[in-house]
Amino acid sequence: MEKNILLVEDEPGIADNVVYALQSENFVVTWVTAGLDGIDALSQKNFNIVILDVGLPDIDGFEVCREIRKLSDVPIIFLTARGDEIDRIVGLEIGGDDYLVKPFSPRELVARVKVVLRRGRYNDAEINRPATHQTFSVDEEKRRVSYCGSYLDLTTYEYGILTVLLKHPERVFSREQLMNAVWPSPEESFERAVDTHIKTLRAKLRKLDPVDDSLVTHRGIGYSIKLS
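What comes next is a walk through the structure.

Conventions adopted
Residues numbered from 1 in each chain as written. Predicted model: local features only at pLDDT ≥ 70, side-chain atom pairs only at ≥ 80, totals over all residues. Heavy atoms only, no water. Salt bridge = Lys/Arg side-chain N within 4 Å of Asp/Glu carboxyl O. Helix = DSSP H or I, 4+ residues; strand = E, 2+ residues; numbered from the N terminus. Buried < 20%, exposed > 50% of the residue type's maximum accessible area, 1.4 Å probe, protein only. Pairing = 2+ DSSP bridges. Axes fitted to C-alpha atoms, helices over the stretch in contact; angles between N-to-C directions. Contact = heavy atoms within 4.5 Å. Parallel < 35°, antiparallel > 145°, perpendicular 65-115°, else oblique. Nonpolar A, V, L, I, M, F, W, Y, C, P; charged D, E, K, R; others polar. Core = buried A, V, L, I, M, F, W, Y, C linked by side-chain atoms within 4.5 Å.

## Description of the pattern of salt bridges
In total, this model carries 13 salt bridges according to the counting rule given. As a salt-bridge pair, Glu158 and Lys204 come within 2.6 Å of each other at their nearest N and O atoms. Of this pair, Glu158 sits in helix 6 (residues 156-167) while Lys204 sits in helix 8 (residues 192-208); the two residues are 46 residues apart in sequence, bridging distant segments of the chain. Taking relative accessible area as the criterion, Glu158 reaches 2% and is therefore assigned buried.

## With respect to the sheet that holds strand 1 (residues 4-8)
Strand order in this open sheet of 5 strands is 2-1-3-4-5, and the pairing throughout is parallel. Lying at the two open borders of the sheet, with one neighbouring strand each, are strand 2 (28-32) and strand 5 (98-101). Here the average twist between neighbouring strands, direction ignored, is 20 degrees. Relative to strand 4 (residues 76-80), strand 3 (residues 49-53) is paired through 4 bridges, and the arrangement is parallel. By the bridge assignment, Asp53 is partnered in strand 4 with Leu79. Helix 1 (residues 12-24) contacts strand 1, strand 2 and strand 3 of the sheet and is inclined by roughly 170 degrees relative to strand 2.

## Some words on the packing of helix 6 against helix 8
Orientation of helix 6 relative to helix 8, taken along the N-to-C sense of each, is 80 degrees, at an axis distance of 10 Å. Judged on the interaxial angle alone, helix 8 and helix 6 are roughly perpendicular. Judged by residue contacts, Tyr157, Glu158, Ile161, Leu162 and Leu165 of helix 6 engage Val194, His197, Ile198, Thr200, Leu201 and Lys204 from helix 8. Classifying every residue of the contact of helix 6 with helix 8 gives 7 nonpolar, 2 polar and 2 charged.

## Section: the sheet that holds strand 10 (residues 173-174)
Sheet strands associate in pairs through backbone hydrogen bonding, adopting either a parallel or an antiparallel arrangement. Pairing is antiparallel in the open sheet, where 3 strands are placed in the order 10-12-11. Edge positions in the sheet fall to strand 10 and strand 11 (215-218), since each has one partner strand and no second. Relative to strand 12 (residues 222-225), strand 10 is paired through 2 bridges, and the arrangement is antiparallel. When the sheet's bridge partners are listed, Phe173 is paired in strand 12 with Tyr223. Lying over the sheet, helix 6 contacts strand 10, strand 11 and strand 12, oriented at roughly 65 degrees with respect to strand 12.

## Details of the nonpolar core
Judged by nonpolar contacts, the single largest core of 29 residues is most densely connected at Phe136, Val145, Ile161 and Leu162. Only helix 4 (85-93), strand 7 (136-139), strand 8 (144-147), helix 6, helix 7 (175-182), helix 8 and strand 12 provide two or more residues apiece to this core. Per element, the largest residue contribution to this core is 7 residues, and it comes from helix 6. With 21 residues, the next largest nonpolar core counts Leu7, Ala15, Val18 and Val110 among its residues.

Right, here's the structure in full:
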């Protein structure tokens, strides 16, 4: 099935290489050079993934992400010249799925796109016997999780962390173990990113159940999940 990608990047040299690399893998690419144009494009067409530059000429890429999240839960990969840990954390915390620092290899970006799509929330297969854990229900075919009868709006990494924990209730996983199980390139990320995703997962669970305490922090060790 055809995969449509929205590229929001103001540097033509970078965009040309990215478009060529993606089209070589049979992706259909729509390229815009400004954040507001990206938001407009997304409001008019469905995309499978958004590749979003942080340093745009009109509005900050993080602000574009916030606006996109009001419209869609489409996966987002950030491109940026900023390599600081805090920028990566902010990008993930506001709803990004991956983060690539410039300069980068277009082939690596294509590989990350494939990983995010494979691990992402979108799969056209029909539901195949969801696995149920009391108030949780995991649909591995469509890569989604319901809690208290409602589907959770999860990023790729949130889904990965939650399903790893659900497969082994009460088992304590270190941050490194979770990253090795979920991240495509764990050596390029920071363990603190796990803490960020656990924090957003807790918030999403408590939005459905204000007294939820299923995610357990084991200080200095890692995380586990308890199923009451």
